[in-house]
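The residues making up each chain are set out below.
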Amino acid sequence: MAPIIQTRDLKKQYNPPDGPLAVRDVDLVIETGEVYSLLGPNGAGKTTTISMLSGLLQPSGGEAIIAGYNIATDPIKAKQVIGVIPQEIALYPRLTGRQNLRFFGQLYGLSGRALESAIDEVLEFIDLRDRADEKVEKYSGGMKRRVNIGVGLLHRPRIVFMDEPTVGIDPQSRRRILDAVLELKQRYGMTVLYTTHYMEEAQELSDRVGIIDHGVIIAEGTTGQLIQMIGELDQIILRVDNQQVPPAMLEQFGNVEGVTSVNQQDGELTVRARRGRKALPDLITIANNAGVHISSVRVQEPDLEAVFLHLTGRALRE
Amino acid sequence: MRKVFIIALNDLHLYFQDRSNWFFVTVMPIIFVLIIGVVFRGSGGGPAVIPIDVLDQDGSPASAALVEALLTANPTVIVCPYAATGQPDAPDCELAEGQTLTEALAAERLTAGTVYATLTIPAGYSTALEAGEPVELVFRADPALSAPGIARQTIAAVVTRLGGATVAARLSAQAAADLNIIDEDNRGAFYAARYAEAEAAWGPPAPITVTVETAQAEPQDQTGAASFSGFAQSSAGMAAMYAMINVLGLAAVLIQERQDGTLPRLMVTPISRSQILGGKILRGYLLGLLQFAILLAVGALLGVNFGRNIPAVIVVVLAYVFTISAMAIALAALARTPEQASGLGMLATMTLAPLGGAWWPLEIVPQFMQVLGHLSPIAWCMDAFNTILYDGGGIPEVIGPVLVLLAVGAAFFALGVRRFRYE
Ligand SMILES: Nc1ncnc2c1ncn2[C@@H]1O[C@H](COP(=O)(O)OP(=O)(O)OP(=O)(O)O)[C@@H](O)[C@H]1O
Ligand SMILES: [Mg+2]
């Protein structure tokens, strides 16, 4: 079966010819029923990619096929199978939650009883039944986010685009949203394209993850595959704050058995080692001898954060 | 098309959810219609000239006196074909060389719109008058027009005066004749008799009455407002101005929605961009129509006679509201922020409204201001309304201004649709 989302050389340059190249030659292949995360830092090109896939932005090059429809030449049909949940809350604050759902539902071609039952089902799903008839402007941030999600689900889309839906909300609401994503996949068989800069979210939710940086997908696969790719190294993070670190000390770090790389960023030394816990005493001794005070130590088993750091030399979150 | 309506209705719902917007569409414009209407009541738009024909079938000194009295009674009522040529602003209603006014010709001139009304002095006028019998003059005019009303009032005034004089003359003539036969003994009886006669003569019916007959007149191209009604000016003018204010408000809404993300969200639903913009324009359009409906209804309640020309009024309103809706889209394309759009919209309205004659009739401003004023779409709208209200114009007579409005609208529409940024 053909993949439900497929892009070829998708590009976007804002304000050509001198504007930034926000997305460069992205080739995505996403299968039906998959949860696929685009993981990348601020400005990586996640929203731009989603905007092109949802027909909001005209790509500067390449093409995108959604459920068999080319988004550029067959936009109406493609949009009918997509549910878009934008990064920023996009609702009419003066309308109630229910009125917002009804309005957008009508634009998706729903009407009458079908519309009302879809609204009820969505209200159930986002757990907002009891507050549905209050104006959105009176909602808390978390409730607004949930209505924002609900609007994208009304017409039972086969594909859902969720752009950083958990930014800036409390842990409880965040948990609910993550559970909702899993439910969309498991209960409704929807395909989800999820973007985030939280590696834990990508790790928990995704069947596959694409790591995006400066508009390029620099690595792609299951979490396991990505970690394997960087050789399953542990990370030892030593907090040195703003002390001067002598280059000789970093050189000595590199000579400790099992250590493959040493990085210094934001008052932290990140040492990657095959067996981190074994190398740790040696590292501390070397630092003591160099007169560098270590204020804290963390040992991290490999994760997507490490993958990103390995690939870009930068932390995912600054 | 259904989705276009859904968008427009949702927008109108949002608009009227804000109570203050009700105020801006109803209370405030109505107050201005009243104020401006009262201020301009009775003031004329330039020299008002109402040509009428007087058909004298009696040809007596008495009928000539009536014509003479009419000629001087009201400078705005021109009595054809007797009026002195060379009179300022005299309309073209003289008879051709050697032509005489007959009943048929008078009827023709009335239908053709050469004159607003025909007054017939019937044969036997003077005889009846001298005999103290009631006389009927016949006044024919198109009841849909307001101009003949002025003429009729003038005639009524003249006739009352002449009637009074006739009675007085007759009574004194009789008194003089009676003098010879009066002796001292009969004096009391004489006074009693004279008193009774006078009372009978002055009592109803008046010696001369005017019967009004109706006639259908062709629309006229006479310039100069015949009967200038303050409320006609103010209801049409304020409708044009408030429709512009409220419809231009659409620009700020569009930009706000782009910022709030609801416009991009509309764009990921399965509808085309032209449907989205169409829905937004329809919102502006319906609001503009509503504004006209409210204020023209208020005008009608205040006695403005839209006559038999409702279709022409509708055509003008449809064209003008298209123009301002297109202006709103162009404004949305040019302004960057909602505040800028509101400010520019208000500035545009407050310039174009007085310039175009929404506050006062353009006839009272200097010639160059009249020309300059036609930069404003409101001027073309008001021209069309004046043609309908004062000259009895129908759709053919307002085609000119309507075409101008449509052309201006089309230009703004093309600019707006091409330049508007959705993201
Ligand atoms: N409308 C625009 N005009 C010009 N440049 C833009 C525009 N939108 C985004 N960019 C630039 O394109 C790049 C990618 O932006 P994008 O919003 O896609 O990133 P993102 O991954 O979604 O980031 P975030 O996590 O902050 O949402 C950034 O460098 C951004 O500055
Ligand atoms: Mg983004």
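Residues numbered from 1 in each chain as written. Chains lettered and ligands numbered in written order. Predicted model: local features only at pLDDT ≥ 70, side-chain atom pairs only at ≥ 80, totals over all residues. Heavy atoms only, no water.

Caption draft 1: A look at the side chain of arginine 98 of chain A. Residue and element names in this part refer to chain A. If you trace the backbone, arginine 98 turns up in helix H3 (residues 97-107). By relative accessible area, which is 18% here, arginine 98 ends up buried. With residues up to four places along the chain from it excluded, the contact list for arginine 98 reads Ile119, Asp120, Leu123, Ala132 and Asp133. (Helix = DSSP H or I, 4+ residues; strand = E, 2+ residues; numbered from the N terminus. Buried < 20%, exposed > 50% of the residue type's maximum accessible area, 1.4 Å probe, protein only. Contact = heavy atoms within 4.5 Å.)

Caption draft 2: Highlighting the domain arrangement of chain A. According to the domain assignment, chain A consists of domain 1 (5-228) and domain 2 (234-301). Using C-alpha coordinates to define each centre, domain 1 of chain A is positioned 40 Å away from domain 2 of chain A. (Domains from an automatic or database assignment.)

Caption draft 3: Broad picture of the sheet that holds strand S10 (residues 208-213) of chain A. Residues and elements named next belong to chain A. The mixed open sheet is built from six strands, whose spatial order is S7-S8-S9-S4-S10-S11. Taken across any chain shown, the strands that pair with only one partner, and hence form the sheet edges, are strand S7 (82-85) and strand S11 (216-221). Averaged over neighbouring strand pairs, the angle between their axes works out to 15° when direction is ignored. Sheet analysis places strand S4 (residues 35-39) next to strand S9 (residues 191-196), joined by five bridges and oriented parallel. Among the inter-strand pairings, valine 35 is bridged to a residue of S9, identified as valine 192. Running at roughly 150° to S9, helix H1 (residues 46-53) makes contact with S4, S7, strand S8 (159-163), S9 and S10 of the sheet. Contacting S7 and S8, helix H5 (residues 141-153) crosses the sheet at an angle of about 165° to S7. (Pairing = 2+ DSSP bridges. Axes fitted to C-alpha atoms, helices over the stretch in contact; angles between N-to-C directions.)

Caption draft 4: Focus on the pattern of salt bridges. Residue and element names in this part refer to chain A. For the coordinates displayed, the defined rule picks out 27 salt bridges over all chains. Among the salt bridges present, the one from arginine 156 reaches glutamate 121, with a minimum N-O distance of 2.8 Å. Taken together, the residues arginine 156 in the loop between H5 and S8 and glutamate 121 in helix H4 (residues 112-125) connect sequence positions 35 residues apart. Glutamate 121 sits in the partly exposed class, given a relative accessible area of 33%. A salt bridge links glutamate 200 to arginine 174; the shortest N-O distance between them is 3.6 Å. Residue glutamate 200 is located in helix H7 (residues 199-205), and its partner arginine 174 is located in helix H6 (residues 171-188); the two are separated by 26 residues in the primary sequence. Using a relative accessible area of 34% as the deciding quantity, one classes glutamate 200 as partly exposed. The exposure class assigned to arginine 174 is partly exposed, which follows from its relative accessible area of 21%. (Salt bridge = Lys/Arg side-chain N within 4 Å of Asp/Glu carboxyl O.)

Caption draft 5: Structural detail: the pairing of strand S14 (residues 268-273) of chain A. With respect to burial, S14 of chain A is a largely interior element, five of its six residues being buried. Joining the antiparallel neighbours strand S13 (residues 259-265) of chain A and S14 of chain A is a turn of two residues, in which aspartate 266 of chain A adopts a positive phi near 50°.

Caption draft 6: Just the confidence of the model for chain B, in detail. All names here are of chain B. For chain B, the mean per-residue pLDDT works out to 81, and 77% of the residues sit at or above 70. Contacts for the low-pLDDT stretch residues 43-47, under 50 throughout, to residues beyond four places or in other chains number ten contacts. Segment residues 219-228: pLDDT under 50, and 40 contacts once partners within four positions in sequence are set aside and those in other chains are kept. For this predicted complex, the interface confidence comes out at an ipTM of 0.81, alongside a pTM of 0.71. (pLDDT = per-residue confidence, 0-100.)

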